[in-house]
Number of protein chains: 2
Amino acid sequence: MDDAVIPVTDWGFTRSDVVYDVVHVHRGAFFRLADHLDRFERAMARRRLVPAENRAAIEDVLHRCVALSGLSDAYVAMACLRGRPRVAGSRRPEDCENHLIAYAIPWIDVIPKDVQARGAHLWISGTPRVPDASVDPTVKNYQWSDLTSGLLEAHDHGYDTAILCDHDGFVTEGPGFNVFIIKDGRVLTPDRGSLEGITRRTVLDICADRGIEAAIAPIPRAMLDDADEVFTTTTAGGVMPAARVGNRILGNDRPGPITMQLHDAYWQAHDDDRYRTPVRPLAVQP
Amino acid sequence: MDDAVIPVTDWGFTRSDVVYDVVHVHRGAFFRLADHLDRFERAMARRRLVPAENRAAIEDVLHRCVALSGLSDAYVAMACLRGRPRVAGSRRPEDCENHLIAYAIPWIDVIPKDVQARGAHLWISGTPRVPDASVDPTVKNYQWSDLTSGLLEAHDHGYDTAILCDHDGFVTEGPGFNVFIIKDGRVLTPDRGSLEGITRRTVLDICADRGIEAAIAPIPRAMLDDADEVFTTTTAGGVMPAARVGNRILGNDRPGPITMQLHDAYWQAHDDDRYRTPVRPLAVQP
């Protein structure tokens, strides 16, 4: 990984003009790889980023990264960067040579496992989430300043991580994860300011399968105070329970029962052949 | 420059957790170097970034970059990146090893000189500038998504570059520059959504010296339609006249007279010893 570098003058860095995605490998198989590639392709198209590789070639690169790493559980990142202008001195994005980067590294939990076990303590950030009209949150991006501000506030107050609300006081997401609340058996996740997470979608799929009422809906901040359970979701962590939100202790100060049911179902879904793409051994790779 | 790289896993890239500054060298001397370093230090402090080098050491690095490059006119960049966690797997900014990067490259004009000569055509972007409460625009950062969106829109419509307004319809800045309007001899620049530009400050200083009325003030979008002259300012370009804004042609479709007076005064200020810091020859460097 020490050899995986980008130029300091790449606009992917100097303008954060880059989209990315992260898929994970669990016990030797990608989880919902096609969904991640769909989202990555949509994000590139929205930012008019066109790498040299087509979708099949990108998929080959990801298989190869994982196979070369020898990892059976991995965090697999892909990004498309604006690159640098073909014409020296140009300030036009249209003049740049876009390029793909990808790598596989050992599995990382966004929230450490011991914190997940006791339930995360979530700070409600005073920094408002960047509005969707300014930066589309469904285009997965590295522009984390508001999320990092929330994280620093959370740590200042002894919390694990943060939830951000938007300027109108609606719940959005946190640094690297979607947010869910459960109230009276109903599972809700925000309709704004949020990535369309693949783990989020898996949770909604599980709810549909099991007849648990669930919806993507506006969530005013006050609903956090009133929730029976709160959890967060991300590729790098799955379903991650919370035990405290702001100054409120949820239930018994531990992960809630519906959350744990969804958590277990999420990991069971990893055995579902609809979602699994076994990593191709190097020998059969192009 | 091809050897100047950062790891793909540096949070300066993957979270755009980085602040930067750019100072220019004109005829062998830095222009307002102390002011750039002041601003860079403030930006680092706001984001709690602490590189290994203190201010004097950073200044030495910049002198050394320029002297080694042999350039007498240069674009000199410095950035402080969050870096990577000292503890593998940590997601805490507090655990990262912050680090400085710096480089000197040939002078770049943000708006090409021929476009400056005829007066730039500025598109008024439909993408609202990220609000100050979410991302502090006075902390110089690489999170350009909204600015890049404006730039792409501008190019789609055959314009050179763009001005962004905020959610409330007030003028802010453009991709890499501050905005000024002149109305009835009065020079105005936005009080929000904008970097505290050093070139902007120099223009305000020149106005004060010459008895030209000038102010930092709220500028509703409608004032763009009503302005006598419009210009933009940046370190990498100086005072850059506009000839068209949106569907409006200013004056005679060419740079305005007060703009050109400020333009000339700006370059004359480069002879002022208060602003000049001659680049130290390598022989006298530490």
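Residues numbered from 1 in each chain as written. Chains lettered and ligands numbered in written order. Predicted model: local features only at pLDDT ≥ 70, side-chain atom pairs only at ≥ 80, totals over all residues. Heavy atoms only, no water.

Chain A has the name Probable branched-chain-amino-acid aminotransferase in an unreviewed UniProt entry, where Tistrella bauzanensis is given as its organism. In its Sequence similarities (unreviewed entry) section, the UniProt entry covering chain A states "Belongs to the class-IV pyridoxal-phosphate-dependent aminotransferase family." According to the UniProt record, the Function (unreviewed entry) comment for chain A reads "Acts on leucine, isoleucine and valine." (UniProt positions renumbered as here; feature names shortened; annotations may be inferred.)

Asker: Looking at this structure, how should I read the pattern of salt bridges?
Answerer: Note that side chains of opposite charge can pair when their charged atoms are close. All names here are of chain A. Under the definition given, this model contains 46 salt bridges over all chains. Across the pair Arg-86 and Glu-97 runs a salt bridge whose closest N-O atoms are separated by 3.1 Å. Here the residue Arg-86 occupies a position in the loop between β4 (74-81) and β5 (99-106), and Glu-97 occupies one in the loop between β4 and β5, the gap between them amounting to 11 residues. In this structure Arg-86 comes out as exposed when scored by relative accessible area, which is 55%. The residue Asp-191 makes a salt bridge to Arg-192 at a minimum N-O spacing of 2.8 Å. Classification of Arg-192 by relative accessible area gives partly exposed; the value is 24%. Through salt bridges with shared partners, one network takes in Arg-32, Asp-35, Arg-201 and Asp-205. (Salt bridge = Lys/Arg side-chain N within 4 Å of Asp/Glu carboxyl O. Helix = DSSP H or I, 4+ residues; strand = E, 2+ residues; numbered from the N terminus. Buried < 20%, exposed > 50% of the residue type's maximum accessible area, 1.4 Å probe, protein only.)

Asker: Which parts of the structure should I look at to understand the interface of chain B and chain A?
Answerer: Accessible area lost when the parts come together is the quantity often used to give the size of an interface. Across the boundary between the two partners, chain B contributes 51 residues, which contact 50 residues of chain A. For the pair chain B and chain A, the two sides together bury roughly 4600 Å², of which 59% comes from carbon and sulfur. Considering only the surface of chain B that becomes buried against chain A, Val-8, Phe-13 and Arg-91 of chain B emerge as the three largest contributors, covering 15% of it. Seen at the junction of chain B and chain A, the total is four salt bridges. Inspection of the region where chain B meets chain A yields 21 residue pairs in polar contact (both at pLDDT 80 or more). Contributing elements (two or more residues each) for the side of chain B that touches chain A: β1 (5-7), α1 (11-14), β5 (99-106) and α5 (145-156) of chain B. The greatest single-element share of the side of chain B that touches chain A, amounting to eight residues, is contributed by α5 of chain B. Per-class residue counts for the side of chain B that touches chain A are 24 nonpolar, 13 polar and 14 charged. Taken together, the three bridges between strand β1 (residues 5-7) of chain A and β1 of chain B define a ladder with antiparallel strand orientation. Among the inter-strand pairings, Pro-7 of chain A is bridged to a residue of β1 of chain B, identified as Val-5 of chain B. (Contact = heavy atoms within 4.5 Å. Buried area = accessible area lost by both parts, 1.4 Å probe. Polar contact = N/O pair within 3.5 Å; in protein donor to acceptor, adjacent residues only side chain to side chain. Nonpolar A, V, L, I, M, F, W, Y, C, P; charged D, E, K, R; others polar. Pairing = 2+ DSSP bridges.)

Asker: Help me understand the nonpolar core in this model?
Answerer: Soluble globular proteins tend to pack their nonpolar side chains together in the buried interior. The biggest cluster of nonpolar side chains holds 92 residues, and the ones touching the most others in it are Ile-6, Phe-13 and Val-230 of chain A together with Ile-6, Phe-13 and Val-230 of chain B. The contact partners of Val-230 of chain B, leaving out residues within four places of it in the chain, are Leu-122, Phe-180, Ile-181, Pro-241, Ala-242, Val-245, Leu-250 and Thr-259 of chain B. (Core = buried A, V, L, I, M, F, W, Y, C linked by side-chain atoms within 4.5 Å.)

Asker: How do you make sense of the confidence of the model for chain A when you look at a structure like this?
Answerer: Parts of the model with low pLDDT should not have their predicted coordinates read in detail. Averaged over every residue, the pLDDT of chain A is 96; the share at 70 or more is 100%. With pTM at 0.97, the complex prediction returns an ipTM value of 0.97. (pLDDT = per-residue confidence, 0-100.)

Asker: Honestly, helix α3 (residues 55-69) of chain B in this entry has me stumped. Any pointers?
Answerer: Residues spaced three or four apart along an α-helix point in a common direction, a consequence of the helix completing one turn every 3.6 residues. Residue and element names in this part refer to chain B. Taking 1.5 Å as the rise per residue, α3 with 15 residues should run 21 Å; its terminal C-alpha atoms sit 21 Å apart, in good agreement. Looking at the buried side of α3, the elements it contacts are β2 (18-26), β3 (29-31), α2 (33-46), β4 (74-81), β5 and β15 (276-278). Directly beyond the C-terminal end of α3, a positive phi value near 75° is found at Gly-70. (Expected span 1.5 Å × (residues − 1).)

Asker: Looking at this structure, how should I read the pairing of β4 of chain B?
Answerer: Residue and element names in this part refer to chain B. With eight of eight residues buried, β4 is to be regarded as a mostly interior element. Neither face of β4 is exposed, since Ala-74, Val-76, Met-78 and Cys-80 on one face and Tyr-75, Ala-77, Ala-79 and Leu-81 on the opposite face are all buried. The sheet contact formed by β2 and β4 spans eight bridges and is antiparallel. Within β4, the residue paired with Val-25 across the bridge is Ala-74. Direction of pairing for β4 relative to β5: antiparallel, over a ladder of eight bridges. Bridged to Val-76 within β5 is Ala-104.

Asker: Explain the sheet that holds β15 of chain B to me, please; I cannot follow it from the model alone.
Answerer: Sheet strands pair via backbone hydrogen bonds, and the direction of the pair is either parallel or antiparallel. Residues and elements named next belong to chain B. Here we have five strands laid out as an open sheet, ordered β5-β4-β2-β3-β15, and antiparallel in their pairing. Each edge of the open sheet is held by one strand with a lone partner, namely β5 and β15. When the angles between neighbouring strand axes are averaged without regard to direction, this sheet yields 30°. With three bridges joining them, β3 and β15 adopt antiparallel strand pairing. (Axes fitted to C-alpha atoms, helices over the stretch in contact; angles between N-to-C directions.)

Asker: Quick question: what am I supposed to make of the relation of the copies chain B and chain A here?
Answerer: Note that the two copies of the chain are related through a rotation about an axis and a translation along the same axis. By a simple turn and slide, chain B fits onto chain A: the slide is 0.0 Å along the axis, the RMSD is 0.0 Å, and the turn is 180°. Between the two chains, the operation in question is that of a two-fold axis. A share of 98% of interface residues in chain B that are also interface residues in chain A marks the association as one of identical surfaces. (Least-squares fit on C-alpha atoms with pLDDT ≥ 70 in both.)

Asker: What am I meant to see in the sheet that holds strand β3 (residues 29-31) of chain A here?
Answerer: Residues and elements named next belong to chain A. The strand order β5-β4-β2-β3-β15 describes an open sheet built from five strands, whose pairing is antiparallel. The open sheet is flanked by β5 and β15 (276-278), the only strands paired with a single partner. For this sheet the average axis-to-axis angle between neighbouring strands, irrespective of direction, equals 30°. Sheet topology note: the strand β2 (residues 18-26)/β3 ladder contains two bridges and is antiparallel. For Val-25, the partnering residue across the bridge sits in β3 and is Phe-30.

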